[in-house]
Amino acid sequence: MKWQKILNEIRQEIQPELGNGKVANYIPALSEADPKAFGMAVVTTDGEIFTAGNATEPFSIQSISKVLTLTLALGFENENLFERVGREPSGSAFNSIVQLEQEGGIPRNPFINAGAIVVTDTIITHCNRQSGADLILDLARKLSCSGRVRVDDEVARSEALWGNRNRSLAYFMKSFGVLKNDPEEVLQAYFCQCALEMTCTELARAGLYLANDGVDPVSGEQVATHAHVNRINALMMTCGHYDMSGDFAFHVGLPGKSGVGGGILAIVPGVCAVAVWSPALNKAGNSLAGTLALELFSEKTSLNLF
Ligand code: DON
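Along each chain, the written sequence defines residue order, and numbers are assigned to residues from 1. Totals for whole chains, interfaces and linings use all residues, but because this is a predicted model, local features are given only for residues with pLDDT of at least 70 and pairs of side-chain atoms are given and counted only at 80 or more. Side-chain metrics in this entry use all non-hydrogen atoms of the structure; hydrogen atoms and water are not considered.

Here the focus is the sheet that holds strand β5 (residues 150-151). In this description, strands pair whenever DSSP reports at least two bridges between them. For the purposes of this entry, the term helix denotes a DSSP run of H or I that reaches at least four residues, the term strand denotes a run of E that reaches at least two, and both are numbered from the N terminus. One open sheet holds the 3 strands; their spatial order is β4-β6-β5, and the pairing between them is antiparallel. Strands with a single pairing partner mark the edges of an open sheet, and in this sheet they are β4 (59-60) and β5. Note that β4 and strand β6 (residues 196-198) share 2 bridges and pair antiparallel. Of the residues in β6, the one forming a bridge with Phe 59 is Met 198.

Right, here's the structure in full:
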């Protein structure tokens, strides 16, 4: 497959769409991103890397970190994790609180904010002397093979400052007994994971185990079990784009996870991991140009799973 040619074409064809949509502005640190920025990286299971646009510029991965934390939590708890978090699409906004009361404080899935907070709570329970935030950062560095990956402290501080909705979700779940640890400790780790900063190349490299049954194909390390990777990819397909998850499956046909920083990680099982970044978002909070670029990618490569 002529990967580089395909990425060059996508870069060209996406140009008129750059800047359409709105950059996240709920915290000042994110609102400063260039709405017309675009980057894309493909890392194949053979370890080859192909890029287009600005694939080496670090951006805030935000909710894409929920894939990494889910991987850690499944490793700690196996299927028991699903006693405290569901696996159905929510059909609601990523930070919605309405379903939680009706459903006994159990979030619909691990990729809405409430679900991700439960996942991070699990990590806090299992991390020994290390802090939850450090454990997550270490995993991101190891998987991306990049010691450059870091938590952007300014974004983490802003998340905490403007995080009253997440605080409400955490305390509400604590009142149901769903959260086991101190909500403030869980939130501190959650705000740091949202503030992880990676490039497209680092992110695609980090996601490669999801394209290879849980084994990093380059290092040979087993990152997750085959069964856990099946679960994670299924959740990415059905819940990875909040209440536009169906639309993403319809147009792109790949497991994917978005973040309000404008990044999306998509997985082609057995073939490659793809990361795109463009900060202007559609109405559900997913990168507008990034989604279109992935639609072009799955069309041009015929890798749409359907
Ligand atoms: O939890 C929050 O509100 C932010 N850190 C946003 C996370 C996010 O990326 C949601 N999704 N697209």
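That was the structure; now back to the text.
Lining residues are defined by having an atom within 4 Å of a point belonging to a cavity or pocket. Those points lie on a 1 Å grid over the protein atoms alone, cavities being sets where a 1.4 Å probe fits but cannot get out and pockets being open sets with protein on both sides within 12 Å along at least five of seven lines. Grid points are joined across faces, edges and corners, and a volume is the space filled by probe spheres set on the points. For the structure shown, the criterion picks out 3 cavities of 30 Å³ or more. By volume, the largest cavity amounts to about 70 Å³. Every residue along the wall of the largest cavity is listed here: Ser 90, Ser 92, Ala 93, Phe 94, Ser 96, Gln 99, Leu 100, Ile 106, Pro 107, Arg 108, Ile 112 and Ala 114. When its residues are assigned to classes, the lining of the largest cavity shows 7 nonpolar, 4 polar and 1 charged. Taken as a whole, the second largest cavity encloses approximately 40 Å³ of empty space. Note that Gly is not counted as nonpolar here; it falls among the polar residues with everything else outside the nonpolar set of Ala, Val, Leu, Ile, Met, Phe, Trp, Tyr, Cys and Pro and the charged set of Asp, Glu, Lys and Arg.

If you add up the space inside the largest pocket, you get close to 280 Å³. Taken together, 19 residues line the largest pocket, and the ones lying closest to its centre are Ala 29, Leu 30, Ala 33, Phe 59 and Ser 60. For the lining of the largest pocket, the secondary structure elements donating two or more residues are α2 (28-31), β4 and α7 (153-161). For the lining of the largest pocket, the per-class residue count stands at 11 nonpolar, 2 polar and 6 charged. All the domain ranges listed were derived from an automatic or database domain assignment. Two domains each provide a minimum of three residues to the lining of the largest pocket, namely domain 1 (3-61 + 198-301) and domain 2 (63-194).

All right, on to the pattern of salt bridges then. For this analysis, a salt bridge means a side-chain nitrogen from Lys or Arg found within 4 Å of a carboxyl oxygen belonging to Asp or Glu. Scanning all chains against the criterion turns up 13 salt bridges. Glu 103 is the partner of Arg 108 in a salt bridge, and the nearest nitrogen-oxygen pair spans 2.9 Å. Linking Arg 148 and Glu 197 is a salt bridge whose minimum nitrogen-to-oxygen distance equals 3.5 Å. Taken as a pair, Arg 148 in the loop between α6 (132-144) and β5 and Glu 197 in strand β6 lie far apart in primary sequence, 49 residues in all. With a relative accessible area of 12%, Glu 197 lands in the buried category. Among the ionic contacts, a cluster of salt bridges with common partners joins Arg 148, Arg 150, Asp 152, Glu 197 and Glu 202. The buried label goes to any residue with under 20% of its type's maximum accessible area, the exposed label to any with over 50%, and the partly exposed label to all in between, with areas taken from a 1.4 Å probe on protein chains only.

Take the nonpolar core next. Counting residues in hydrophobic clusters, the biggest one holds 78 residues, and the most contacted among them are Ile 117 and Tyr 209. We call a set of buried Ala, Val, Leu, Ile, Met, Phe, Trp, Tyr and Cys residues a nonpolar core when their side-chain atoms join them within 4.5 Å. Within the second largest apolar cluster, 26 residues are counted, among which are Trp 3, Val 42, Val 252 and Phe 297.

Cysteine sulfur atoms are paired as a disulfide whenever they come within 2.5 Å of each other. With the rule as written, the count across this model stands at 0 disulfides. Cys 200 supplies the cysteine sulfur nearest to Cys 145, a cysteine that is in no disulfide, at a spacing of 16 Å. Among the cysteines around Cys 192, which has no disulfide bond, Cys 194 carries the closest sulfur, lying 9.3 Å off.

Another aspect to go through is the site of the ligand. If even one non-hydrogen atom of a residue comes within 4 Å of a molecule or strand, that residue is called near it. Taken together, 13 residues lie around the ligand, and Gln 62, Ser 63, Asn 113, Tyr 190 and Val 260 are the ones closest in. Polar contacts, as used here, are pairs of N or O atoms within 3.5 Å; protein pairs need one atom able to donate a hydrogen and one able to accept it. Residues neighboring in sequence count only if both atoms are side-chain atoms. The side chain of Ser 63 places a nitrogen or oxygen atom 2.6 Å from an oxygen atom of the ligand. The backbone of Val 260 places a nitrogen or oxygen atom 2.8 Å from an oxygen atom of the ligand. The Shrake-Rupley method, run with a 1.4 Å probe, gives the accessible areas here. Residue values count only the displayed protein chains as cover. Here the ligand, which alone exposes 340 Å², has 97% of that area covered by the protein. Along the lines of polarity and charge, the residues of the shell around the ligand split into 6 nonpolar, 6 polar and 1 charged. Split by domain, the residues of the shell around the ligand number at least three in each of domain 1 (3-61 + 198-301) and domain 2 (63-194).

The next subject is the pairing of strand β3 (residues 49-53). Bridge analysis of strand β2 (residues 39-44) against β3 gives 5 bridges, and the strand direction is antiparallel. Residue pairing for β3: Ala 41 is matched across the bridge by Thr 51. Once β2 ends, the chain turns through 4 residues before running back antiparallel as β3, passing Gly 47 with a positive phi of about 90°.

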